[in-house]
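Examination of the molecular architecture
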Amino acid sequence: MASIDLFTTDNLLRYISEWDPREPAHTKGGYMDGEIKIPNVEGKLRMEIQTYPAEDVDKLVANVHPCLLHVVRIGKGKREQQLEPVPTYYHWKQVFEIEDGIVRIINRKSELDVEKDGFTPRPVPEIDEITKVDGNSIVLGRKRGQLNLILLQPKQQARAKLTEATVTKVLADRLQKSKEKIEMYEQFFKKKNAKNLKRVRLRVDFYIENGTHCGYSISPQTIVDTGNKEIGSMDFYDATPHKSCIRGGRKIIMVSEYNLAKDVSPIFEVYDDFGEPRPELDQFLLQPTDFNRRNQTIIFITPPQPRLHEITENLNNWTIKLLAKRKGDGYKSNKMFNFRYIDHEFNSCPFCDYKVDSDELVKIEAGIEGPKPRQKKRIMKCTPVVCTEKRQRIQSTDEQSCGSSETSSYLKSSPAYSMSSSYEMPVNTPDSGIDIPFNGYNSDGGYTSNSDLEYTTTLTQEDLNNLSAMTEQAKFVVVEEDAQFPKGRKLRLL
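Residues numbered from 1 in each chain as written. Predicted model: local features only at pLDDT ≥ 70, side-chain atom pairs only at ≥ 80, totals over all residues. Heavy atoms only, no water.

A tally of helices and strands in the chain yields 7 helices and 24 strands. At a minimum sequence separation of 6, the contacts of the chain that also span at least 24 residues come to 63%. (Helix = DSSP H or I, 4+ residues; strand = E, 2+ residues; numbered from the N terminus. Contact = heavy atoms within 4.5 Å.)

Let us look at the pairing of strand 4 (residues 34–37). Alternating residues of strand 4 divide into Gly34 and Ile36, all buried, and Glu35 and Lys37, none buried. Bridge analysis of strand 1 (residues 3–6) against strand 4 gives 4 bridges, and the strand direction is antiparallel. Bridge pairing links Leu6 to Gly34 in strand 4. (Buried < 20%, exposed > 50% of the residue type's maximum accessible area, 1.4 Å probe, protein only. Pairing = 2+ DSSP bridges.)

For the α-helix, the turn length of 3.6 residues means that residues three or four positions removed from each other point alike. Inspection of helix 2 (residues 179–186) places Ile182, Tyr185 and Glu186 among the buried residues, and these make up the whole buried set. The arc that holds every buried residue of helix 2, seen down its axis, measures 100°, which confines them to one face. Packed against the buried residues of helix 2 are helix 1 (167–175). (Arc of directions from axis to C-beta.)

The sheet built from 3 strands is open, its strands ordered 3-11-6 with mixed pairing. The open sheet terminates on both sides in strands that have one partner only, identified here as strand 3 (14–15) and strand 6 (68–71). Judged from the 2 bridges that link them, strand 3 and strand 11 (residues 149–153) form a sheet pairing that is parallel. Considered in strand 11, the bridge of Arg14 is made with Leu152.

We now examine the pattern of salt bridges. Scanning the entire structure with this criterion turns up 19 salt bridges. Salt-bridge contacts for Arg79 lead to Glu84; the nearest nitrogen and oxygen are separated by 2.6 Å. Accessibility expressed as a relative area gives 9% for Arg79, which makes it buried. Judged by relative accessible area, which is 0%, Glu84 ranks as buried. Arg250 is paired through a salt bridge with Asp357; the nearest N and O atoms lie 2.5 Å apart. One end of the pair, Arg250, is in the loop between strand 16 (243–245) and strand 17 (251–256); the other, Asp357, is in the loop between strand 22 (337–342) and helix 4 (397–400), with 107 residues separating them in the sequence. Asp357 gets classed as partly exposed once you look at its relative accessible area, which sits at 47%. (Salt bridge = Lys/Arg side-chain N within 4 Å of Asp/Glu carboxyl O.)

Here we take up the nonpolar core. Among the nonpolar cores identified, the biggest contains 41 residues, and Ile36, Met47, Ile49, Phe96, Ile98, Ile138 and Phe206 are the most heavily contacted of them. A per-element tally of this core places strand 12 (residues 199–208) first, with 4 residues. Contacts of Met47, omitting those with residues within four sequence positions, involve Ile36, Gln94, Val95, Phe96, Ile98, Ile138, Val204, Asp205 and Phe206. Membership of the second largest hydrophobic core comes to 24 residues, among which are Phe268, Phe284, Leu285 and Ile320. (Core = buried A, V, L, I, M, F, W, Y, C linked by side-chain atoms within 4.5 Å.)

Interpretation in functional terms is not warranted from these geometric data alone.
Structure below.
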């Protein structure tokens with residue numbers, strides 16, 4: 001009699017791109033462990049394995065599921081991916097033939113099975129031996145010589161590339177119906193019904209050589225995607241603190257390893273000294289109601305516990321465990337934390353009187369408001385930006401229209417045309433007939449570190465009286481326009 005049993009009931013479902021046999025180092029795990037028993041008939045058998053929905057789905061999709069099956073080829077210490085066809089939308093079913101105790105796969109290739117040059121076919125065989133029948137069974141597993149079977153999930157139509165398998169394409173191939181009908185079926189595997197895509201069973205059918213159906217079986221176990229927050233794994237990393245006054249009012253923070261569903265809440269449970277739960281005593285505990293749930297954290301205020309003495313009357317040695325529970329499927333977190341309530345002592349309670357946590361009123365913060373029209377949720381604190389870079393002087397229209405070749409040559413060597421802040425420009429003095437090198441000053445009135453005199457230096461009257469002595473070694477002097485020079489004193493330009 002035909003049957004299929006799965007020893008694996010949870011797996012992280014991967015996308016096709018994560019297992020692409022055309023790419024190196026794309027082996028992600030997730031093999032199914034189980035056993036298939038074949039019917040006891042003579043001759044060649046044809047075996048078909050296909051994905052199948054969970055038991056509690058709508059009757060319209062009670063016989064169809066869009067997930068894909070892929071047979072991995074494990075060789076001597078590595079994956080022989082050149083023997084695997086690229087998974088695509090019609091691989092919701094895998095076909096095998098069984099003869100003389102040998103199981104061979106009938107590969108179905110597609111236009112995707114080409115090398116990176118785009119036209120050379122990949123060396124995928126049409127029929128290839130994969131495992132052998134052990135007694136009357138085919139073993140599913142991750143080892144060489146077993147049937148290495150994994151589940152792959154297709155993408156939604158809006159997120160997929162043109163050549164990728166999608167939920168729509170898989171359903172169209174399975175149902176062979178019109179586009180309108182396909183859209184109706186597709187609604188049961190997206191949005192609020194997306195968890196139907198994450199729960200899969202397997203169905204196996206057997207046919208004798210003339211095509212007559214000789215047996216089938218549906219796995220009683222359902223494989224659940226551990227990566228889905230609605231039905232998958234829920235593990236907590238830490239919770240702190242682990243103690244509260246019997247009057248409650250202390251803030252507790254729980255940190256999850258993964259994102260949390262919207263219906264997850266913190267709960268207290270009673271356990272005996274053997275580590276066994278005592279659900280009949282949970283009625284004496286008040287559960288947290290004042291809590292805030294974020295992506296990976298739960299923050300709550302401990303409730304008062306006025307009935308703890310009633311637990312002691314029923315059980316001598318007991319402890320309180322803190323954990324999380326998902327309302328949708330009733331799943332409870334694996335990791336639990338010991339929690340203790342201490343008696344309140346008048347005027348000497350460490351939490352109520354000495355306020356060991358905070359001097360302020362303990363409360364749960366409201367958090368950042370959600371986005372609204374024309375109002376951002378994510379805002380960064382703005383700081384003024386001070387620009388320290390000096391901008392170059394732009395040539396004026398008069399300078400551009402200057403026609404003197406001599407002046408133009410001077411302008412070309414001006415700081416407005418040079419990236420260097422230090423320069424020399426010869427100045428012809430018509431009275432003396434000699435050149436004075438103009439060193440260090442910018443054309444816009446600024447100065448550089450090469451200047452002999454600071455621009456802000458002011459000459460006193462005494463300095464003016466001794467001006468000739470000061471300028472004997474100087475190349476130039478800048479003075480105010482209204483400076484009074486002593487009569488009879490002449491400047492001698494060197």
